[in-house]
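Structural description and commentary
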Amino acid sequence: MSAIPASFRAYVAQKIEDADGVPRVERGVREFAAADLPPGEVEIRVGWSSVNYKDGLATKADGKVARISPLIPGIDLAGEVVASSDASFAVGTPVLAHGYDLGVARHGGYSEYQRVPAGWVVPLAPGLSPRDAMAIGTAGFTAAMSVVALEERGMEPADGPVLVTGASGGVGGTALAILADRGYEVWAATGKPDEQARLRGLGAAGILTRDEVTAAGKPLESERWAGAVDAVGAATLPYVLRTLRTGAAVAASGNASGPKLDTTVFPFILRGVALLGMDSVNQPIDRRRAIWDRLATDLRPRSLGEHVTEVTLESLDEALDGILAGEARGRWIVRVAGRSP
Ligand SMILES: NC(=O)c1ccc[n+]([C@@H]2O[C@H](COP(=O)([O-])OP(=O)(O)OC[C@H]3O[C@@H](n4cnc5c(N)ncnc54)[C@H](OP(=O)(O)O)[C@@H]3O)[C@@H](O)[C@H]2O)c1
């Protein structure tokens, strides 16, 4: 039996056409009927969600992310189980869910209640609250995945300096913090001069300006980095590839500056450099749960919770627009539970 009330508050994005036939998205908070939620074994009272770049795109007519309309966006959520037909999840268990179709092809986290398949649910490890989980969120999970992938390939602190691009953002900032906490000499590339002090506080040993990592260059330049985390894409990945040391790898997860990749094959065939693709969406659930367990323990950023800006369902618009405009400074988290005053 469902434990979800007949209606509850959710932030909904709906594609419409204006009088001239131009598509646009109408978005805002409204009452949503439980009957309109998709089926799923686990019902969750959502406490927190977060704002990821993809959430911004999901609320834009040309964003190419939303696959249903109306859509409750929010590609991640954390809260408490209120009912479950799967015996693995007792009522009251703190859980999170993200990835797969959530907030894209199926209603997501900007909702007081959500229903999800049991195979998408991650029980929260002791010591990680739902708020902590969303301060990490999909962006932080992707940062952790990137560090794990680089280390599984053999990278270790003694290898030398590691570069993180887009360091003021969600993926970049968390990757920087995790790597610094693990003893790496991390360099942060940022386009925001006023973020440099904060990034040094997170553990950056050195800073590169955006100009340094986006300028055109030779097919191969001096070997500098023992590894890299890049969520920026078009603007920075060419620089990263041509400056990685022989045998080093970059974990690439994003396209915050665009999807094109203008490079040569020389880093790959003359230096054995590796481009490791990061896809957090389709991560198998066992590996997803294992990485979240590590985010509660050895990968937990010491600075967790320090660089978050809280918004509510009512004040989401600004954060969704801000992340698309490259204005991220740490993470925006969404307090979903409880009506705002
Ligand atoms: N593959 C996956 O599973 C996965 C998971 C999560 C996120 N992502 C992707 O990763 C990317 C970052 O996500 P996020 O949530 O971390 O976003 P974010 O918080 O907005 O961070 C992106 C950062 O990139 C930098 N940047 C933005 N526009 C730029 C430009 N034109 N040129 C150079 N740098 C630019 C900015 O950092 P500075 O100002 O410090 O340079 C910005 O803060 C997005 O494309 C997102 O879709 C992918």
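Structural notes, computed from the coordinates. (Residues numbered from 1 in each chain as written. Predicted model: local features only at pLDDT ≥ 70, side-chain atom pairs only at ≥ 80, totals over all residues. Heavy atoms only, no water.)

**Description of the packing of helix H2 (residues 130–152) against helix H3 (residues 170–181)**
Formally: Whenever a helix is involved, its axis is fitted only over the stretch in contact; in every case the axis is a line through C-alpha atoms, and angles between N-to-C directions fall within 0 to 180 degrees. Where helices and strands are cited, they refer to DSSP runs of H or I of at least four residues and of E of at least two residues respectively, numbered from the N terminus. Roughly parallel refers to an angle under 35 degrees, roughly antiparallel to one over 145, roughly perpendicular to one between 65 and 115, and oblique to any angle outside these ranges. Working rule for handedness: look at the near helix, and if it is turned counterclockwise from the far one by less than a right angle, call the crossing left-handed; if clockwise, right-handed. Every residue pair with non-hydrogen atoms within 4.5 Å of one another is taken to be in contact. Asp, Glu, Lys and Arg are counted as charged, while Ala, Val, Leu, Ile, Met, Phe, Trp, Tyr, Cys and Pro are counted as nonpolar; the rest, among them Gly, fall into the polar class.
Contact pair H2 / H3: the axes reach a minimum separation of 8 Å and the direction vectors enclose 50°. On the basis of their axis angle, the class for H2 and H3 is oblique. The element H2 and its partner H3 pack so that their crossing is right-handed. On H3, the residues that touch Ala139, Gly140, Thr142, Ala143, Ala144 and Val147 of H2 are Gly170, Val171, Thr174, Ala175, Ile178 and Leu179. Partitioned by chemical class, the residues of the contact of H2 with H3 number eight nonpolar, four polar and no charged.

**Side note on the environment of Leu102**
By secondary structure assignment, the location of Leu102 is in the loop between strand S5 (94–98) and strand S6 (113–116). Counting along the chain gives 14 residues from Leu102 to Ser88, while the straight-line C-alpha distance between them is 21 Å. The residues touching Leu102, leaving out its near neighbours within four places in the chain, are Gly74, Ile75, Asp76, Leu77, Ala97, His107, Gly108, Val116 and Trp120.

**Let's talk about the pattern of salt bridges**
Note the cut-off: Take a side-chain nitrogen of Lys or Arg and a carboxyl oxygen of Asp or Glu: if they are within 4 Å of each other, that pair is a salt bridge. Each residue's exposure class comes from its accessible area (1.4 Å probe, protein chains only) as a fraction of the maximum for that residue type: buried when under 20%, exposed when over 50%, partly exposed otherwise.
On inspection of all chains with the given rule, the structure shows 21 salt bridges. A salt bridge links Arg302 to Asp181; the shortest N-O distance between them is 3.3 Å. In this pair, Arg302 sits in the loop between helix H8 (285–295) and strand S14 (308–312) while Asp181 sits in helix H3, placing the two residues 121 residues apart along the sequence. With a shortest N-O distance of 3.2 Å, Glu310 and Arg335 are connected by a salt bridge. Here Glu310 is found in strand S14, whereas its partner Arg335 is found in strand S15 (residues 331–335), with 25 residues between them in sequence. The class for Arg335 is partly exposed, based on a relative accessible area of 39%. One salt-bridge network, in which partners are shared between bridges, spans Arg27, Lys60, Asp317 and Asp321.

Taken by themselves, the reported measurements are silent on function.
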